[in-house]
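Structural characterization, general
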Amino acid sequence: MPTVSMTVNGRPATGEVEGRTLLVQFLRDQLRLTGTHVGCDTSQCGACVVHVDGRSVKSCTILAVQAQGCEVTTIEGLAAADGTLHPMQAAFREHHGLQCGFCTPGMVMSAVELARDNAGLTEAQVREGLEGNLCRCTGYHNIVKAVLAGAEAMQGQRPAAAE
Amino acid sequence: MYEFAYHRPASLAEASALLTGNEEARPLAGGHTLLPTLKQRLAQPSDLVDLGGIAELKGIREEAGGITIGAMTTHGAVAHDQTVRRLIPALADLAEGIGDRQVRNRGTLGGSISNNDPAADYPAALVGFGAVVRTTAREIPAEDFFTGMFETALEPGELVREVHFPRPDRAAYAKFPNPASRYAVVGVMVAQRGGEVRVAVTGAGPSVFRWTDAEVALAGNWSPAALDALQVDADGLNSDIHASAEYRANLVKVMAKRAVAQIP
Ligand SMILES: Cc1cc2nc3c(=O)[nH]c(=O)nc-3n(C[C@H](O)[C@H](O)[C@H](O)COP(=O)(O)OP(=O)(O)OC[C@H]3O[C@@H](n4cnc5c(N)ncnc54)[C@H](O)[C@@H]3O)c2cc1C
Ligand code: FES
Ligand code: FES
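Here's a quick rundown of the structure. (Residues numbered from 1 in each chain as written. Chains lettered and ligands numbered in written order. Predicted model: local features only at pLDDT ≥ 70, side-chain atom pairs only at ≥ 80, totals over all residues. Heavy atoms only, no water.)

1. Concerning the site of ligand 1
- Not every one of the 33 residues close to ligand 1 is listed here, only the nearest: B:Pro27, B:His32, B:Leu34, B:Thr108 and B:Arg182.
- Neighbouring residues of ligand 1 are not confined to one chain but are distributed across chains A and B.
- B:Val160 places a main-chain nitrogen or oxygen 2.9 Å from a nitrogen atom of ligand 1.
- Contacts to ligand 1 include B:Lys175, whose side-chain N or O atom sits 3.3 Å from an oxygen atom.
- Looking at the shell around ligand 1, the elements that each hand over two or more residues are strand 2 (25-28) and helix 7 (109-115) of chain B. (Near = heavy atom within 4 Å. Polar contact = N/O pair within 3.5 Å; in protein donor to acceptor, adjacent residues only side chain to side chain. Helix = DSSP H or I, 4+ residues; strand = E, 2+ residues; numbered from the N terminus.)

2. Thoughts on the interface of chain B and chain A
- Across the boundary between the two partners, chain B contributes 30 residues, which contact 29 residues of chain A.
- Counting the surface lost from both chain B and chain A, the interface buries some 2,300 Å², and carbon and sulfur atoms represent 50% of this.
- Taken as a group, B:Lys39, B:Arg101 and B:Gln102 account for 28% of the area that chain B buries against chain A, more than any other trio of residues on that side.
- Applying the counting rule to chain B against chain A returns six salt bridges.
- In this structure, A:Glu128 engages B:Arg104 in a salt bridge whose closest nitrogen and oxygen atoms are separated by 3.8 Å.
- Run the count over chain B and chain A and you get twelve residue pairs in polar contact (both at pLDDT 80 or more).
- Mapped onto the side of chain B that touches chain A, the elements with two or more residues apiece are helix 2 (34-39), strand 3 (47-50) and helix 6 (101-106) of chain B.
- For the side of chain B that touches chain A, the leading source of residues is helix 6 of chain B, giving six residues. (Contact = heavy atoms within 4.5 Å. Buried area = accessible area lost by both parts, 1.4 Å probe. Salt bridge = Lys/Arg side-chain N within 4 Å of Asp/Glu carboxyl O.)

3. Focus: unusual backbone geometry
All names here are of chain A.
- Not every positive phi belongs to a glycine, and Ser43 is a case in point at roughly 65 degrees.
- Checked against the element boundaries, Ser43 lands in the loop between helix 1 (23-30) and strand 3 (49-52).
- Notably, Thr138 is not glycine yet its phi reads approximately 55 degrees, a positive angle.
- Within the secondary structure layout, Thr138 lies in the loop between helix 4 (123-129) and helix 5 (140-155).

4. Here's the deal with the sheet that holds strand 4 (residues 60-63) of chain B
Residues and elements named next belong to chain B.
- Taken in spatial order, the five strands line up as 4-5-10-6-7 in an open sheet, and their pairing is antiparallel. Pairing within the sheet leaves two strands with one partner each, and these edge strands are strand 4 and strand 7 (139-141). Direction aside, the axes of adjacent strands within the sheet are offset by 25 degrees on average.
- Of the pairings in the sheet, the one linking strand 5 (residues 66-70) to strand 10 (residues 160-165) comprises four bridges and is antiparallel in character. Directly across from Ile67, in strand 10, lies its bridge partner Phe165. (Pairing = 2+ DSSP bridges. Axes fitted to C-alpha atoms, helices over the stretch in contact; angles between N-to-C directions.)

5. Notes on helix 2 (residues 87-94) of chain A
Residues and elements named next belong to chain A.
- Along helix 2, the positions that sit buried rather than exposed are Pro87, Met88, Gln89, Ala91 and Phe92.
- The inward-facing, buried residues of helix 2 abut helix 3 (104-117) and helix 5.
- A positive backbone phi angle near 55 degrees is found at His96, which sits one or two residues after helix 2. (Buried < 20%, exposed > 50% of the residue type's maximum accessible area, 1.4 Å probe, protein only.)

6. Overview of the packing of helix 2 of chain A against helix 3 of chain A
Residue and element names in this part refer to chain A.
- Running from N to C, helix 2 and helix 3 cross one another at 125 degrees; their axes reach a closest spacing of 9 Å. Judged on the interaxial angle alone, helix 3 and helix 2 are oblique. Where helix 2 crosses over helix 3, the handedness of that crossing is right-handed. For the pair helix 2 and helix 3, the contacting residues are Met88, Gln89 and Phe92 in the first and Thr104, Met107, Val108, Ala111, Val112 and Ala115 in the second.
- Of the residues that constitute the contact of helix 2 with helix 3, the class distribution is seven nonpolar, two polar and no charged. (Parallel < 35°, antiparallel > 145°, perpendicular 65-115°, else oblique. Left-handed = near helix turned anticlockwise from the far one by under 90°. Nonpolar A, V, L, I, M, F, W, Y, C, P; charged D, E, K, R; others polar.)

7. Considering the pattern of salt bridges
- Applying the stated criterion across every chain yields a total of 28 salt bridges over all chains.
- Residue A:Asp117 pairs with A:Arg55 through a salt bridge whose shortest N-O separation is 3.3 Å. Of this pair, A:Asp117 sits in helix 3 while A:Arg55 sits in strand 4 (residues 55-58), and the two are 62 residues apart along the sequence.
- Classification of A:Asp117 as partly exposed rests on a relative accessible area of 36%.
- Taking the relative accessible area as the measure of exposure, A:Arg55 reaches 35% and is therefore partly exposed.
- Three or more residues joined by partner-sharing salt bridges are found here, namely B:Arg61, B:Glu63, B:Arg134, B:Glu139 and B:Glu162.

In structure tokens, the structure reads:
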């Protein structure tokens, strides 16, 4: 079985996997980082979004071995070491950007990349930018509000250490 | 997903050696078509040859006034590249409209055209601009490359290296996206280069095709109104849960007019 090594949330992670093991399976089943969710098997829902080398990707549609040597950040890696939430997480809480919370980790990970790539994010950009994330509770209105607030808070801040 | 042996060659020669003579081996690019297919157990390759470690397959460069793009270049990289934006903005627009951000961060030009999904966007750009596909064996004009539904001129073991896009004088792409996946129900690229006008249609038929009546009409009168009197024959067009053949036939005309209207 292939051995795979990568950096996950700033720490080295190594494990034995099969060729067919998906990154999300490695994260959830072997590293026990269960914040990353699986909501579909068609690569459409975005519940599984993590960052690989700074880019948001659907971790259900990349093999663990394809992330060999990469820097991976999951939802567990966003908050500061003392538990202070990342500004995007804080904005989701403040603006009721979640109902059942199943889609939330993916939404937050997509939103962090979106905000980082686009200074002065507009509502239209948020709606387009979250095209790959589905909310089964359909709470999009507050999600968009949260992302706009989170993006503004991120701009007022220096980039967090883990990101 | 059935188990397979995974390989990550560092060069094109090594990748070709792994694929040649092994009919059960498949190249892996961004994986955004192949991995969902494997999850459904619709295919069972013995070996996956990951092209992600081959530096020569990545990148975008200016060539002979046009643009050359490596097979492993992601849709996102094409959408945000300054050279593409400056020389062929319609190509950047098309790439920006593929799927969603995460699909664009992984999906590649080479994977998209090798797969030749009838609803894929890139085939309209390749045929619309008269692009050339450069493989490990030869150069193939776009019109000869796309041969049918999910079929291309690629031989077993042959890999797409890069695609060269000549620069059109003016061009625009309009698509009617499936609201869930963003794949093209119908997408139309209109392009003009010197005296030649091309109207390339994806999504509507089994594979990309040129709407020649529209090309003639636009060559004489570059305006949406030039297409008013034309009809597209629904015979042979795709019909599925998303749209009937008749609906698609009408969409071809509507999208072509919208594309022309985008160009000043
Ligand atoms: C949710 C979702 C939405 C999408 N929406 C759209 C959309 O709106 N428009 C659109 O056009 N596409 C869309 N796609 C498809 C996406 O663009 C894929 O990335 C693309 O079709 C395949 O590219 P890939 O790099 O992922 O290839 P892979 O899935 O890795 O490979 C696809 C096929 O091509 C072969 N292959 C790959 N590279 C080469 C090469 N260099 N030479 C020879 N053969 C090769 C593989 O063996 C495989 O058979 C969507 C996909 C998803 C999951
Ligand atoms: S689990 Fe649905 S896109 Fe990954
Ligand atoms: S909050 Fe329930 S799926 Fe989005």
